[in-house]
Amino acid sequence: MAADMQNRLMGCLSPDENVRRESEAWLKSAEQSDLGGFMYALTQALSTEGSDLTVRQQSGLYLKNILYAKDTNTLEQNRQRWKALSPDAKTHIKQLILTVLNSPEQVARHTASQAIAEMGAIDLPGNQWPELLPNLLNNVTGSTPDTTKVSTLECLGYTCERLDYTDLDQATTNNILTAIVDGMRAERSDPIRLAACTALRNSLLFCRGNMENKPERDMIMQVICEATQCTDGKVRAVAYECIVQIGEHYYDKLDDYMQVLAQLTFNSIKTEEEQVATQAIEFWSTLCDEEMDILEEIEECREAGEQPSRACKGYVTAALAQLSPLLLEALTKQDEDADLDDNIWNAAMASSTCLTLVASTVGDGVVDAVMPFVLQNIKGENWRFREASTMAFCCILEGPGTGKIGNFVNQSIPVLIQALKDPHSMVKDTTAWTLGRICELHASCVPPNLFNDLVTGLKSVLINESPRVSAQACFAIHNLAMQITVDDSTTTNLLSQYLPALLQDLLQVTERPDWDEANLRPSAYEAINMLIQHAAADMAPILEQLLPVIMDRLAKSFAMSVLTNEEKDAKAGLQGLLCGILQVMCQNLSIEAVQKQADNVMQILLEVFKTKNAAAHEEALMAAGALADKVELGFERYMDAFHPVVMHGLKSHEAYQVCTVAVGVVGDLTRALGKNVARFCNEIVQSLLEILQNSTLNRAVKPHVLSCFGDIALALEGGFEPYLQVTLMMLLQASQTRAPDDDEDLIDFVNTLREGILEAYTGIIQGLDDGGKVQLILPYCEAIMSFLETVTHDPNKDDEVTSGAIGVLGDLSDSLGTQVPGLTSKKFVDQLLMEGASTGVEKIVELAQTYRTRIDNHKRGAGM
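Small disclaimer: the values here were computed from a predicted structure and weren't measured.

Some remarks on the overall build of the chain
Part 1: Of regular secondary structure, the chain possesses 40 helices and zero strands.
Part 2: Computed over its C-alpha atoms, the radius of gyration of the chain comes to 32 Å, within 12% of the 29 Å expected for a compact globule of 864 residues.
Part 3: For the chain, the residues scored as buried account for 53% of the 864 residues in total.
Part 4: A sequence separation of at least 24 residues applies to 71% of the contacts in the chain between residues at least 6 apart.
Part 5: Accessible area for the chain stands at about 38,100 Å²; split by element, carbon and sulfur atoms hold 48% of it.
Part 6: Between the mean site of the 67 positive side-chain charges and the mean site of the 119 negative ones, the chain shows a separation of 2 Å.

Re helix H32 (residues 656-673)
Part 1: The end-to-end C-alpha distance of H32, which contains 18 residues, comes to 25 Å, matching closely the 26 Å that a straight helix rising 1.5 Å per residue would cover.
Part 2: With 14 of its 18 residues buried, H32 lies for the most part within the structure.
Part 3: Positive phi appears at glycine 674, one or two residues downstream of H32, with a value of about 60°.

Digging into the pattern of salt bridges
Part 1: The tally for this structure, following the rule as stated, stands at 45 salt bridges.
Part 2: Its salt-bridge partner being arginine 512, residue aspartate 514 comes within 2.9 Å of it at the nearest N-O pair. The same class applies to aspartate 514 and to arginine 512, which are both buried.
Part 3: Here lysine 797 and glutamate 835 are joined by a salt bridge, their closest N and O atoms 2.7 Å apart. Here lysine 797 is found in the loop between helix H37 (781-792) and helix H38 (799-816), whereas its partner glutamate 835 is found in helix H39 (residues 827-837), with 38 residues between them in sequence.
Part 4: The structure contains a network of salt bridges with shared partners spanning Asp182, Arg185, Glu187 and Arg188.

Quick word on a negative patch on the surface
Part 1: On the surface, Glu248, Asp289, Asp293, Glu296, Glu300, Glu303, Asp741, Asp742, Asp743, Glu744, Asp745 and Asp748 cluster together into a negatively charged patch.
Part 2: Of all the secondary-structure elements, those providing two or more residues to the negative patch are helix H16 (274-304) and helix H36 (744-770).
Part 3: When residues in the negative patch are grouped by element, the largest group, five residues, is from H16.
Part 4: The topology assignment puts glutamate 303 in helix H16.

Digging into the nonpolar core
Part 1: Residues Trp284, Phe635, Phe642 and Ile777 are the most contacted members of the largest nonpolar core, which totals 290 residues.
Part 2: Of the residues forming this core, the biggest block, eleven residues, is contributed by H36.
Part 3: Each residue touching phenylalanine 642, except ones within four places of it in the same chain, is listed here: Met602, Leu606, Phe609, Leu621, Ala624, Phe635, Val665 and Leu669.

Considerations on the packing of aromatic side chains
Part 1: In total, this model carries twelve aromatic pairs according to the counting rule given.
Part 2: When the centroid spacing of 5.8 Å and the interplanar angle of 50° are considered together, the rings of phenylalanine 451 and tyrosine 498 count as tilted. With a gap of 47 residues between them, phenylalanine 451 in helix H23 (residues 451-460) and tyrosine 498 in the loop between helix H24 (467-482) and helix H25 (499-509) connect regions that are remote in the sequence. Tyrosine 498 matches phenylalanine 451 in its accessibility class, with the two residues each being buried.
Part 3: Ring geometry for phenylalanine 635 against phenylalanine 642: centres 5.5 Å apart, planes inclined by 85°, an arrangement best described as edge-to-face.
Part 4: On the basis of relative accessibility, which here comes to 0%, the residue phenylalanine 635 falls in the buried class.
Part 5: Taken together, the aromatic side chains of Phe609, Phe635, Tyr638 and Phe642 make up a single cluster linked through ring pairs.

As for the environment of aspartate 453
Part 1: Relative to the helices and strands, aspartate 453 is located in helix H23.
Part 2: Here the alpha-carbon distance between aspartate 453 and isoleucine 417, two residues 36 residues apart in the chain, equals 7.3 Å.

Focus: helix H19 (residues 365-377)
Part 1: At methionine 371, H19 shows its largest kink, close to 35°, and the proline proline 372 lies no more than four residues downstream.
Part 2: For H19, the full list of buried residues reads Val366, Val367, Val370, Met371, Phe373, Val374 and Asn377.
Part 3: Check the buried side of H19 and you find it contacts helix H17 (315-331), helix H18 (347-362), helix H20 (383-395) and helix H21 (402-419).

Comments concerning the packing of H18 against H19
Part 1: Look at H18 against H19: their axes get within 8 Å of each other, and the N-to-C directions meet at 145°. In this structure, H18 contributes Leu355, Val358, Ala359 and Val362 to the contact, and H19 contributes Gly365, Val366 and Val370.
Part 2: Grouping the constituent residues of the contact of H18 with H19 by class yields six nonpolar, one polar and no charged.

A short note on the side chain of threonine 228
Part 1: Tracing the sequence through the fold places threonine 228 in the loop between helix H13 (214-227) and helix H14 (233-249).
Part 2: A polar contact is formed between the side chain of threonine 228 and the side chain of glutamine 229, at a distance of 3.0 Å.
Part 3: Setting aside its immediate chain neighbours within four residues, threonine 228 contacts Arg236, Ala239, Tyr240, Ile243 and Leu264.

Some details on unusual backbone geometry
Part 1: Backbone geometry places asparagine 519, a non-glycine residue, at a positive phi of 60°.
Part 2: Its identity is not glycine, yet glutamate 632 carries a phi of approximately 50°, on the positive side.
Part 3: Relative to the elements of secondary structure, glutamate 632 occurs in the loop between helix H30 (614-631) and helix H31 (639-650).

About the thresholds
- Sequence positions are assigned chain by chain, starting from 1 and proceeding in written order.
- Under the rules for a predicted model, residues below a pLDDT of 70 receive no local features and side-chain atom pairs below 80 are neither given nor counted, while totals for whole chains, interfaces and linings still include all residues.
- Think of the side-chain values as coming from all heavy atoms in the structure, minus any hydrogens and water.
- By definition, any uninterrupted DSSP run of H or I lasting at least four residues is a helix, any uninterrupted run of E lasting at least two residues is a strand, and each is numbered from the N terminus.
- We take the radius of gyration over the C-alpha atoms and set the globule estimate at 2.2 Å times the residue count to the 0.38 power.
- Throughout this description, buried means an accessible area under 20% of the type-specific maximum (1.4 Å probe, protein chains only), exposed means over 50%, and partly exposed covers the range between.
- We call two residues contacting when some pair of their heavy atoms lies within 4.5 Å.
- Accessible surface area values rest on a Shrake-Rupley calculation with a 1.4 Å probe, where residue burial reflects the displayed protein chains alone.
- Asp and Glu count as negative and Lys and Arg as positive, but His and the ends of the chain are not part of the count.
- In plain terms, the charge of a residue is placed at NZ if it is Lys, CZ if Arg, CG if Asp and CD if Glu.
- One less than the number of residues in a helix, times 1.5 Å, gives the span that helix is expected to have.
- Salt bridge, as used here: a side-chain nitrogen of Lys or Arg that lies within 4 Å of a carboxyl oxygen of Asp or Glu.
- A patch is a set of surface residues, each over 30% in relative accessible area and not in a salt bridge, joined within 9 Å for like charges and within 5 Å for the nonpolar side chains Val, Leu, Ile, Met, Phe, Trp and Tyr.
- Residues belong to a common nonpolar core when they are buried Ala, Val, Leu, Ile, Met, Phe, Trp, Tyr or Cys residues joined through side-chain atoms within 4.5 Å.
- Each Phe, Tyr or Trp ring (for Trp, its six-membered ring) is paired with any other whose centre lies within 6.5 Å, and the angle between the two planes then decides the class: stacked below 30 degrees, edge-to-face above 60, tilted in between.
- What the bend at a residue measures is the angle between two axes, fitted to the seven residues ending there and to the seven starting there.
- To obtain each axis, a line is fitted to C-alpha atoms, and for helices this fit is confined to the stretch in contact; angles are then taken between N-to-C directions over 0 to 180 degrees.
- Polarity classes work like this: nonpolar for Ala, Val, Leu, Ile, Met, Phe, Trp, Tyr, Cys and Pro, charged for Asp, Glu, Lys and Arg, and polar for all others, with Gly in that last group.
- Two N or O atoms form a polar contact when they lie within 3.5 Å of each other; inside protein one atom must be a possible hydrogen donor and the other a possible acceptor, and for residues adjacent in sequence the pair counts only when both atoms belong to side chains.

Given below as structure tokens:
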């Protein structure tokens, strides 16, 4: 197989598509028929000196990817396949691949270190590769070539990154850490120190036990701080990356080291080369993130009357006087040639991010630290200082209260409007961004007499300025429109006199020759969407004229060229944006206006569904849902054509966003069509059940599906009976899902899932009650009440779940009264209603009080 392997790997690189496909099919077949032999042949290809380096690299990556996957389920399957190989087969592979760490070729060594790490991550926890670590540690500390030491350190770092700190005993972890620290010694060569620093960075979570031990932590911090003084800038940068990781994962252990770390980072921000300075700045950004999280937790605990688990040390506030001048100075080191689309990251960008986080962390205190710099330089002669001061002002808009920053915002508006005419593009770019942030965060501080100047100034840079400046102006118009109130009691608002001209210019922006730069086209269409949503009644004729324009653009998009991937993406993106506009217009135009164009809108949406474009399908589905919501029963005439589209969306499990939207559209259809949706429900319900039973589908879809059953039940009323049993079984099964107290993501998911379950119960109970068949729910009431009790006793439930639980309790009370077992006697009922009354959320409080009265009436009626 080895000779064939070389040829097939070469074939995968062939420009001939037929050769590539044949080679890939051969590799897949060989992997499936004899995994052990296939992996050994790959290892032989990787280890063969003198062979093509690209083939060697490809074989190593193929080997690694057989063992690794980002998806948790696939990763576990891959690991089980490896474990199922015979011990002899694995031994041959492992012995051979370890020799590649001695290869003279860096590409081979590097790729081998990754593959070895994947094998080690599987075998080390079960002690299935006892010779691995002694071999690697000997490579580092023994008399091996520097190249071997570098690759071995890489391998150790990758291995530790793939392991949990509980996977190995502490003695073994100590040995690994000792070898890594040995590589960081000052007398080691720079390549070895770089590899060792990188390995330590990848190992810091794995070495948690050592970091909890002060003497060992002191040693680790010492070698890291010493590495920040290395003559090699790459080593210094990675040493600071280690410090960033420590700030994130060991914030509570920083007290003994903060003085030194502050001195090191301050000096590096001021004097170091960019790759080092950005990491030093990142340390302070990380501390901001940690302190904001802690302060949020403290506030949540205060509101709940609990003791917080962590204390905020206030490092950022204490450092503000020294840190802010350094960040402000770094802001003046802009790279005017940097293209943000190229993922460039420099000290000026890092400083703006850090200053933004500092403002959110320390609040009002940042204003006095930053505003003197802003006031001194915002009108200065040097463009770098004008741009830096504008950026600094933008950075501190969020965090301080309006009482502290509001006057400065008020005074800044005329200066910023004037700066839109600055001769330097970066100044105009940052100015437009700052105005957008002001409109988003402090619109009330914009002087009314300057509203016209503000809109006129933003409009003036839409057509002829650079794509970045124009995109930022779109962002500002979007945020300004968002703040305008639509009041049914008046026919006009502040936007009305500007809206026709703004729409015209924004439509022109979407067709600029450089529309594909700086996210310009999406920004313009998003601004149009927001203008439509906040248009007053007197703008209805303008919006009605806009609808056929958008449909015409969508119709013309079908003829766009798609010869390249770029053209294909451009067409898909444009169709998605235009469908998004149609959705918003259907939602905001009058029923009469939409009905006039409904046939045309639906016809063109059906054309979109014929394309192979998941992103556009998602937007088109939402537009169709909005159309159904507006024309209601009038939508039935489209259902024969639209039903297959919905079914395709429900079955698009691999494109879960489309699947989620399709589920939402089913809800729109049930509300629009009512009982007339019944003839489509057999297929729809079957597809919804398939979604719930699919274990590989993204879990975010499932709460929407559960809620959708409630929509269907509300529409069908008594006609829901054929689906009742299977639906309730699914709801009861879903209600068993729990989340551990230390898994915030799972807690959030469980709350969302329970919200969907409760919405389903509400729809089912109310629908059956409306249809005169609510007695069908009686056999399930005990299980429903048990679920409500579980929810009540869960300390992690959110207000939405509390509200939903009270709603279901009330629905049971209204429809079945004392027939519900435990309604008037279970203690959790009183607890749930008391919690609802104490949430402080007006809607929930009213709901709890209402059902408190009704359940009390039931108690009195039962003589309790």
